[in-house]
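Chain by chain, the residues run as shown.
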Amino acid sequence: MEFAGKNIVVTGGASGIGRGLCERFAALGAANVVVADLDPAGANAVAEAIGGTAKGCDVSDDASTRTMVEETLAEIGHIDLFFANAGIGTGGDLDASDQLWDLSWRVNVLGAVHAARYVIPHMEARGGGGFVITASSAGLTTGPVSLTYAVSKHAVVGVAEWLAINHGPRIAVSAICPTIVDTPMAAEFGATMVQPMGVETVVDATIDGLTDGRFLITPAPMALDMLQAKAQDYDGFLAQLQTRVQGLGNR
């Protein structure tokens, strides 16, 4: 996958991984980088810094996403690569309210679905494109994170798999599954089994994974190791995590 000369849209582009991706694509010579975010001021700041375009967008809302996509197409003509990156980490355990479940589902899962609903038909009509979802290693092997986060990230990995099966290979679909990343969201997870990785590490791995045409992009090798351990010995994997969680004092 090439990035120079491409039109690229990144949701959640005002901060964290999204901002890192926007900055990198601009540095790699993308023709247009659209910074879409619920925070218009943050999106404007990033767009101004990289020479991109800012768009307000609430990914949990289908109409907002549709408007963002339609405005982007009207302004730049087409989209080559779309990053459904926006997400939230706020959550809880069994005490999480139905309202929090709904928010997590609408942002972390439906956010990608809303985008795919309008972007993928456009890409298929043009003959191809790339659609990338920022999921999480918690969507592969759970771990000591909030219940709402783990479940919604499992679900969005399923969305990515479904898109890859039903719309690939014409649409190159990838799922980014980092462990904890050093962003404002990291503080919401409490005690964890790993140290947060830097945004640049995630961006580097993403560029490498997309260049190689990989579906599953795991910036931390341990995420893939844990997934393989889970497949080989599910009960043993769960027992090991139970021990680790007890050691963290989360339960």
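Residues numbered from 1 in each chain as written. Predicted model: local features only at pLDDT ≥ 70, side-chain atom pairs only at ≥ 80, totals over all residues. Heavy atoms only, no water.

### Here we look at the state of the cysteines
For step 1, the next point in the chain: With the rule as written, the count across this model stands at zero disulfides.
For step 2, the next point in the chain: The thiol of cysteine 22 is not disulfide-bonded; the next cysteine sulfur, from cysteine 57, is found 13 Å away.
For step 3, the next point in the chain: For cysteine 177, which is in no disulfide, the shortest distance to another cysteine sulfur is to cysteine 22 and amounts to 20 Å. (Disulfide = S-S within 2.5 Å.)

### So, unusual backbone geometry
For step 1, the next point in the chain: Looking along the chain, the bond that leaves glycine 168 and enters proline 169 is cis, with omega of 0°.
For step 2, the next point in the chain: As for its position among the elements, proline 169 is in the loop between helix H6 (147-167) and strand E6 (171-176). (Helix = DSSP H or I, 4+ residues; strand = E, 2+ residues; numbered from the N terminus.)

### Describing the sheet that holds strand E4 (residues 81-84)
Strand pairs in the sheet, formed through backbone hydrogen bonds, run parallel or antiparallel to each other.
For step 1, the next point in the chain: Taking strand neighbours across the sheet as the criterion, the seven strands line up as E3-E2-E1-E4-E5-E6-E7 in an open arrangement whose pairing is parallel. In this open sheet, the two strands that pair with only one neighbour each are strand E3 (53-56) and strand E7 (216-217).
For step 2, the next point in the chain: The pairing of strand E1 (residues 7-11) with strand E2 (residues 32-37) spans five bridges and is classified as parallel. Bridged to valine 10 within E2 is valine 35. (Pairing = 2+ DSSP bridges.)

### Some thoughts on the pattern of salt bridges
Two side chains carrying opposite charge are able to pair once their charged atoms lie near each other.
For step 1, the next point in the chain: What the rule picks out here adds up to ten salt bridges.
For step 2, the next point in the chain: Here aspartate 62 makes a salt bridge to arginine 117, at a shortest N to O gap of 2.6 Å. Here arginine 117 lies in helix H4 (residues 98-126) and aspartate 62 lies in helix H3 (residues 62-76), a separation of 55 residues in the sequence.
For step 3, the next point in the chain: Residue classification places arginine 117 among the partly exposed residues on the basis of a relative accessible area of 44%.
For step 4, the next point in the chain: Note that aspartate 102 is salt-bridged to arginine 106, the shortest N-O span being 2.8 Å. Linking aspartate 102 with arginine 106, this pair stays in helix H4, spanning four residues, or about one helical turn.
For step 5, the next point in the chain: Given a relative accessible area of 27%, arginine 106 falls into the partly exposed group.
For step 6, the next point in the chain: Shared partners join several salt bridges into a network, and the residues in it are Arg24, Glu200 and Asp204. (Salt bridge = Lys/Arg side-chain N within 4 Å of Asp/Glu carboxyl O. Buried < 20%, exposed > 50% of the residue type's maximum accessible area, 1.4 Å probe, protein only.)

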